[in-house]
Amino acid sequence: MKKIINTPDTVVEDMIAGMVAAHPNLRVLDKTQVLVRSDAPIKDKVGLISGGGSGHEPAHAGYVGKGMLDAACAGDVFTSPAVDQMMAGIRAINSGKGVLIIAKNYTGDNLNFDMAAELLADEGIKVEKVIVKDDVAVEESANTTGRRGIAGTVFVHKIAGAKAELGASLEEVKKAAQKAIDNVRTFGMALSPCIIPSVGKYSFELAEDEIELGTGIHGEAGVKRTSILKASALAEAMLEKILVDLPYQANDEVAVMINGLGSTPLMELYILYNEVAKILNSKGMKVYKSYVGEYMTSLEMAGCSITLLKLDDELKELLCVPADTPTFK
């Protein structure tokens, strides 16, 4: 294992210290791993909080700032934050107008956020929650927790954050966030696995000529293993699952995100974007905004995900509201 760390036991603590040192608009709550806007709570504004296990940077603390999140809870690597951390974050950003939780669809995150909201209701803090489950690689089932929340979560942060910044009520912010959730879909793939610092070895094995389709963001294997594909064929294979799911149709306007998982060069992400744009154009779809880079990673996993957000006039307007965070501007 080769990583730029002090010890595996302090990676999250050391990372948070570095983020606060680098970004004066962030502060960390005492004795927690919760990062909040330095000007929180903001008068007459709905608070927005998200979070999850560390290792997905810039998610989620990289999106704390004007026009997006007010707080982010950082659990240990690939581990849900604790209930008391979530409670501290919600208290710190509550201005009296309520707080919206944006949770990815993982059992630990949901259980802990739900418990935090229930306990804070006794303190008179109004809390609502939305759940992002944009990963089309996972089938919905009564026997599972359902689809995972992955890179599409960033679009939900942006839409909900813009609505809150414009002074909307808690109910209105939740409605806008849910609209984004209903219209966003993602599919991911891996070229190589990642190494969790406390484990010290790869999370799964891939041969030199293999790739994994349908991977999540926790170092887990995907749903299909195949030989290496050209960028054009890879774009087709990934978009095939996405386009039929909503479905997306001719004349739809979309926002496109090509998200790197930690170790994929921008060169390759732009090559993939070009192939995705060709396919969307051939189907009569219009790209309104595009995002290429690392938005939700899986440590140093090589690979990427494709996210499409189907837009209407409201979502287009909210996507263009200014944001000023460490990562998203």
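Quick note: structure is the one above.
What you are looking at is a predicted structure, and each value in this text was computed from that prediction instead of being measured. Position numbers for residues count from 1 along each chain, tracking the sequence in the order it is written. Note on the predicted model: pLDDT of at least 70 is required for a residue's local features to be given, and 80 or more for side-chain atom pairs to be given and counted; whole-chain, interface and lining totals, by contrast, use all residues. Side-chain measures were taken over the full set of non-hydrogen atoms in the model, leaving aside hydrogen atoms and water.

Participant: So what exactly am I meant to see when it comes to helix α3 (residues 107–121) here?
Facilitator: Since there are 3.6 residues in each turn of an α-helix, residues three or four apart along the chain are aligned in direction. The first and last C-alpha atoms of α3 sit 21 Å apart over 15 residues, in line with the 21 Å expected at 1.5 Å per residue. The complete set of buried residues in α3 reads D109, N110, N112, F113, A116, A117 and L120. When checking whether two residues touch, look at their non-hydrogen atoms; a contact exists if any pair is within 4.5 Å. We count a stretch as a helix when DSSP gives it H or I for four or more residues in a row; a strand needs E for two or more, and each element gets its number in order from the N terminus. In the core, the buried residues of α3 are packed alongside β3 (47–54), α2 (83–93), β5 (99–104) and β6 (127–132). Helix span is expected to be 1.5 Å times the residue number reduced by one. When a residue's accessible area, from a 1.4 Å probe over protein chains only, is under 20% of the maximum for its type it is buried; when over 50% it is exposed; and in between it is partly exposed.

Participant: Is there a simple way to think about the sheet that holds strand β4 (residues 71–77) in this case?
Facilitator: Strands in a sheet are paired, the pairing made by backbone hydrogen bonds, and the direction either parallel or antiparallel. DSSP bridges decide pairing: two strands pair if at least two such bridges lie between them. Read from one edge to the other, the open sheet built from six strands follows the order β1-β2-β4-β3-β5-β6, with strand pairing classed as mixed. With one partner strand each, in any of the chains shown, β1 (26–28) and β6 form the two edges of the open sheet. The sheet shows a mean angle of 25° between the axes of neighbouring strands, direction not considered. With six bridges connecting them, β3 and β4 associate as parallel partners. Each residue of the ladder has a partner; that of S54, found in β4, is V77. Axis angles are defined between N-to-C directions and span 0 to 180 degrees, where every axis is a line fitted to C-alpha atoms and, for a helix, only to the segment in contact.

Participant: Even after reading the chapter, I still don't get empty space enclosed by the protein, so can you show me in this structure?
Facilitator: Gaps left between atoms are located by rolling a probe of water-molecule size over the structure's atoms. Cavities and pockets are defined on a 1 Å grid built over the protein atoms alone: a cavity is a set of grid points where a 1.4 Å probe fits but cannot escape, while a pocket is an open set with protein on both sides within 12 Å along at least five of seven lines, and lining residues are those with an atom within 4 Å of any such point. Grid points are joined across faces, edges and corners, and a volume is the space filled by probe spheres set on the points. Applying the stated rule across the entire model yields two cavities of 30 Å³ or more. Of the voids in this model, the largest cavity is the one considered here, and its volume is about 80 Å³. Lining the largest cavity, in full, are M15, G51, G52, G53, S54, E57, A59, H60, A61, A72, C73 and A74. Elements that contribute at least two residues to the lining of the largest cavity include exactly β3 and β4. Here the residues of the lining of the largest cavity are counted per class, giving six nonpolar, five polar and one charged. Residue polarity is assigned by list, with Asp, Glu, Lys and Arg as charged and Ala, Val, Leu, Ile, Met, Phe, Trp, Tyr, Cys and Pro as nonpolar; anything else, Gly included, falls into the polar class.

Participant: How should I be thinking about the packing of helix α6 (residues 231–243) against helix α7 (residues 266–282) in this particular structure?
Facilitator: Any two packed helices are characterised by the angle at which their axes cross and by the distance between the axes. One way to put it is that α6 packs onto α7 with a least axis distance of 9 Å and a crossing angle of 55°. Taken together, α6 and α7 sit at an angle that is classed as oblique. Relative to α7, α6 is oriented so that their crossing is right-handed. Within the contact between the two elements, α6 uses A231, S232, L234, A235, E236, L239 and L243 and α7 uses I271, L272, E275, V276, I279 and L280. Residues belonging to the contact of α6 with α7 are distributed by class as follows: ten nonpolar, one polar and two charged. Small angles under 35 degrees read as roughly parallel and large ones over 145 as roughly antiparallel, with 65 to 115 read as roughly perpendicular and the rest as oblique. Crossing handedness is read from the near helix: turned anticlockwise from the far helix by less than a right angle, it gives a left-handed crossing, and turned clockwise, a right-handed one.

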